[in-house]
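Spelled out from the first residue to the last, the chains are:
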Amino acid sequence: MTTITGTRPISREALIDFVYHEARLLDEGRYDEWLSLWLPEGIYWMPLDWQQSDPDLVTSLLHEDQFMLRLRIERLKGARTFSQKPKSRCHHVLNRPFVDEFDPEAGRFVTTTNMHYVETRLDDQFLLAVTARHELRLVDGQLRIQLKRVDILNCDAAFGNIQLLP
Amino acid sequence: MTYTLDNVTKLVQPHQVHRDIYTSPEVFRLEMKHLFRNTWLFVGHDSQVPKPGDYFTTQLADQPVLMVRHSDGEVHVLYNRCPHKGTKIVIDRSGNTGKFFRCPYHAWSFKTDGCLLAIPLKKGYENTGFEKTEAARGLAPVGAVHNYRGFVFARLAEEGIGFEEYFGESLSSFDNMIDRSPEGRLEVAGPPLRYMHRCNWKMLVENQTDTCHPMVAHESSAGTAVKIYEAMGNPEPKPMAMEIIAPFMSPYEFFEHMGVRTWPNGHGHTGVHHSIHSNYSEVPGYWEMMVKAHGEEKAKRILSENRHNTVYFPNLMIKGPIQLLRNFIPLAADRTLVESWIYRLVGAPDLLLKRTAMYNRLINAPTSIVGHDDLEMYERAQEGLQADGLEWVNLQRLFSPEEDLSAVAVENGTSERQMRNQFAAWVKFMKPAPAAASARAAE
């Protein structure tokens, strides 16, 4: 009953649970578990421009493969990571995800989730209103992230450091 | 301490500067009023305004301006301020205004070269002497504008040093960046990263030729990248991201040997002999395109020049080999907005632009694991400089008392000569602007 198997059909509820779980892992700093949610070719994309369609030939805030995400996570743990002394903390508040695509036969699912993302360090705290789109695949009975696209509502504003991950 | 033009230059000594130069709001105000009026500042690239009526809004130091393409094709730089009540004429970052600007407050309208076109109920100004006022002249132009191969610069002061004299041989870095296009032309690629720094603008500019910090401040990102990659067995070909980030961990000798060159008026660059951009993989088809456009000898000369960071005093940096430009816009003594722009080499393979876009987000974004540590250092310095126990900031690495900053020189790449060069220019241009011709005529 506790594991999702390849034979058991996936429910919309399971997709929504997955999105909440992913945010919880980030908030609790459980980064190694978080990395295990991704497909090997999974990409985390945070566009710079409103409704940006091109990830390659214009600048994005983030467009990272598993190597870069792993580097990002390893850096957060580093002894000489000066911008993380002291460490930042983050907090996600999620609206209930919309299930936009639900194709159990192809094992392909898409959710869209509006969130408030709060990050803090020392005396500073900031809030970002973001929309996260998860493109998920069912592989060996497990949901995995193929693409997480995070659009910041005020993406064209000037920001200070955003050190953790919305 | 109260600062005026008479005493402010005492903050600069040949080998050190007083901390107030970074922290004092009065010094900042003097910089806005004098230094940033007398020097040539970057406005934008003319591909941001390709068609007549296209405009782009920005600020030169604390001055709101707009860059607009007039009907004759010329690019004008005008103060973004209605001559009537002061309302900004346009506030979106870019757009097209058609044949004229129309103020949204009282509908005064202006041609795209700034001239006053019409005022509603104009007869209300008859016999008032209005035609003799500065308002009747329309949107005020900045002091001088120069379009250098697409890059638009402006001097706010009406009179002062000319563009060619001010930049001189330093324009060779722009030439190299632009010549890397087989068509000799760049085009802006998308909006800039906008990164807010709670520190003085000069800290950012100094850091551009600071070659003793990468292996220290960026050990957390570049060093970790090298370690992870080693654990993977250093597989080839190296991913593009590794090619970009690994050279930040190069040893001191690499940076010593890369060399630094300084030019008069505060300009200079690191990476005279080689740089962190020297060993990127070849892009298929590009060499052939360059040979076809320039001939083999010239193509080789262009592509073997891999300058690291070129600083254009006071507040601009470009990376020629990857077509990247950073504009350090001063907002307050302790606040600087950094805009990082990228450009397409017209006629070259997309893969080059893909690498440039990747470099920009990996290194210059508010989400960058490299940028995070730089900003941490600047903000710690801005706070640390409040300490009264020490009042001077040391700039003495490879200094000699005989140093002549008016001469072009190439030195050891870890020298702080370029930082001293910037402060020499700071002193030189921290003066009242020469009287304007129009003001002299009125006297």
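What counts and how
Going along each chain's sequence as written, the residues are numbered from 1 onward. Lettering for chains starts from A, numbering for ligands starts from 1, and both go in the order in which the items are written. Predicted model: local features are reported for residues with pLDDT of at least 70 only, side-chain atom pairs are reported and counted for 80 or more only, and whole-chain, interface and lining totals are derived from all residues. Strands are runs of DSSP state E lasting at least two residues, helices are runs of H or I lasting at least four, and both sets are numbered from the N terminus onward. As defined in this context, the radius of gyration uses C-alpha atoms, and a globule is described by 2.2 Å times the residue total to the power 0.38. Lines are fitted to the C-alpha atoms to define the axes, a helix being fitted only along its stretch in contact, and any angle between axes, read from their N-to-C directions, falls within 0 to 180 degrees. Here the word oblique covers every angle except those under 35 degrees (roughly parallel), over 145 (roughly antiparallel) and from 65 to 115 (roughly perpendicular). Left-handed describes a crossing in which the near helix is turned anticlockwise from the far one by less than a right angle; the clockwise case is right-handed. By definition, residues are in contact whenever their C-beta atoms, placed on the basis of the backbone, come within 7 Å of each other. Residues were grouped as follows: Ala, Val, Leu, Ile, Met, Phe, Trp, Tyr, Cys and Pro as nonpolar; Asp, Glu, Lys and Arg as charged; and all remaining residues, including Gly, as polar. We treat two strands as partners when DSSP finds at least two bridges between them. Confidence scores per residue from the predictor, reported as pLDDT, run from 0 to 100. Multiplying 1.5 Å by the residue count of a helix minus one yields the expected span of that helix. The exposure label follows from counting other C-beta atoms within 10 Å of a residue's C-beta, where the C-beta atoms are placed from the backbone and the thresholds are 20 or more for buried and 12 or fewer for exposed, leaving partly exposed in between. Any nonpolar core is a set of buried residues, restricted to Ala, Val, Leu, Ile, Met, Phe, Trp, Tyr and Cys, that join up through C-beta atoms within 7 Å.

Right, let's talk about the overall build of chain B for a bit. When helices and strands are counted, chain B shows 16 helices and 22 strands. Against the compact-globule benchmark of 22 Å for 443 residues, chain B has a radius of gyration of 23 Å, which places it among compact chains. For chain B, the C-alpha atoms occupy an extent of roughly 85 × 55 × 40 Å along the three principal directions.

Residues and elements named next belong to chain B. Between helix α11 (residues 286-294) and helix α12 (residues 296-304), the least distance of the axes is 7 Å, while the angle of their chain directions is 125 degrees. Our classification of the angle between α11 and α12 gives oblique. Taken as a pair, α11 and α12 cross one another with a handedness that is right-handed. On the side of α11, the interface is formed by Met 290, Val 291 and His 294, while α12 contributes Glu 296, Lys 298, Ala 299, Ile 302 and Leu 303.

Looking at where Met46(A) falls in the secondary structure, it is placed in strand β1 (residues 38-47). When the C-alpha atoms of Met46(A) and Asp27(A) are compared, they prove to be 18 Å apart, with 19 residues separating the residues in sequence. Beyond its immediate sequence surroundings of up to four residues, Met46(A) is in contact with Ser60(A), Leu61(A), Leu62(A), Val150(A) and Thr367(B).

Turning next to the interface of chain B and chain A. Taken residue by residue, the interface counts 33 residues in chain B and 30 residues in chain A. Going through the elements one at a time, β14 (193-197), α8 (219-231), β20 (335-345), α13 (350-364) and α14 (371-384) of chain B are the ones with two or more residues in the side of chain B that touches chain A. Here the side of chain B that touches chain A is built from residues that sort into 18 nonpolar, 7 polar and 8 charged.

What follows deals with the sheet that holds strand β9 (residues 109-111) of chain B. All names here are of chain B. The 3 strands are arranged β8-β9-β10 in an open sheet whose pairing can be described as antiparallel. Two strands close off the open sheet at either side, each with one partner strand: β8 (100-102) and β10 (116-118). Strand-to-strand twist across the sheet, computed as the mean angle between neighbouring axes with direction ignored, equals 35 degrees.

On to the confidence of the model for chain B, then. Considering every residue of chain B, the mean pLDDT works out to 96; 98% of them sit at 70 or more. Across the predicted assembly, pTM comes out at 0.96 and ipTM at 0.95.

All names here are of chain B. If you walk across this open sheet you meet the 4 strands as β6-β5-β4-β7, and the pairing is antiparallel. Each edge of the open sheet carries a strand with a single partner, namely β6 (75-79) and β7 (94-96). On average, each strand axis in the sheet is tilted by 25 degrees relative to the strand beside it, whichever way the strands run. In this structure, strand β4 (residues 54-60) lies alongside β7, joined through 3 bridges in antiparallel fashion. Residue pairing for β7: Tyr 55 is matched across the bridge by Gly 95.

Here helix α15 (residues 417-429) of chain B contains 13 residues, and its C-alpha end-to-end distance of 18 Å stays within 8% of the 18 Å for a straight helix at 1.5 Å per residue. Buried residues dominate α15(B), accounting for 11 of its 13 residues.

Turning our eyes to something else, we now look at unusual backbone geometry. Here the residue pair Lys85(A) and Pro86(A) is connected by a cis peptide bond, since its omega of 0 degrees sits within 30 degrees of zero. Inspection of the secondary structure assignment puts Pro86(A) in the loop between α3 (66-77) and β3 (89-94). For the bond from Phe313(B) to Pro314(B), the omega torsion is 5 degrees, close enough to zero to count as cis. Position of Pro314(B) among the secondary structure elements: in the loop between β17 (310-312) and β18 (316-319). Positive phi outside glycine occurs at Asp140(A), with the angle close to 50 degrees. The backbone of Asn234(B) sits at a positive phi, close to 45 degrees, despite the residue not being glycine. Looking at the secondary structure, you find Asn234(B) in the loop between α8 and α9 (240-245). On the neighbour-count criterion, Asn234(B) (10 C-beta atoms within 10 Å) is exposed.

This paragraph deals with the nonpolar core. A general feature of soluble globular proteins is that nonpolar side chains tend to end up buried together. Residues and elements named next belong to chain B. Counting 114 residues, the largest nonpolar core has Leu 41, Val 43 and Met 67 as its most contacted members. The element that contributes the greatest number of residues to this core is α13, accounting for 7 residues. Those residues within four positions of Leu 41 in sequence are excluded, and the remaining contacts are Phe 36, Leu 60, Ala 61, Phe 153 and Ala 154.

Turning our eyes to something else, we now look at the packing of α3(A) against α8(B). It is the contact of α3(A) with α8(B), at a shortest axis distance of 9 Å, that shows an interaxial angle of 120 degrees. Looking at the two axes, α3(A) sits oblique to α8(B). Between α3(A) and α8(B) lies a crossing whose hand is right-handed. Residues Arg70(A), Leu71(A), Glu74(A) and Arg75(A) of α3(A) form the contact with α8(B), whose participating residues are Ser220(B), Ser221(B), Thr224(B), Ala225(B) and Ile228(B). Across the contact of α3(A) with α8(B), the residue classes break down as 3 nonpolar, 3 polar and 3 charged.

It is worth spelling out the pairing of strand β5 (residues 63-69) of chain B at this point. Residues and elements named next belong to chain B. With 5 of 7 residues buried, β5 is to be regarded as a mostly interior element. Where β4 lies against β5, 6 bridges are found, and the strand directions are antiparallel. Looking at the pairing, Thr 57 lines up with Leu 66 of β5. Hairpin connection, β4 to β5: the antiparallel pair is bridged by 2 residues, and Ala 61 has positive phi, about 55 degrees. Of the pairings in the sheet, the one linking β5 to β6 comprises 5 bridges and is antiparallel in character. From the neighbouring strand, Val 68 faces β6, where its bridge partner is His 76.

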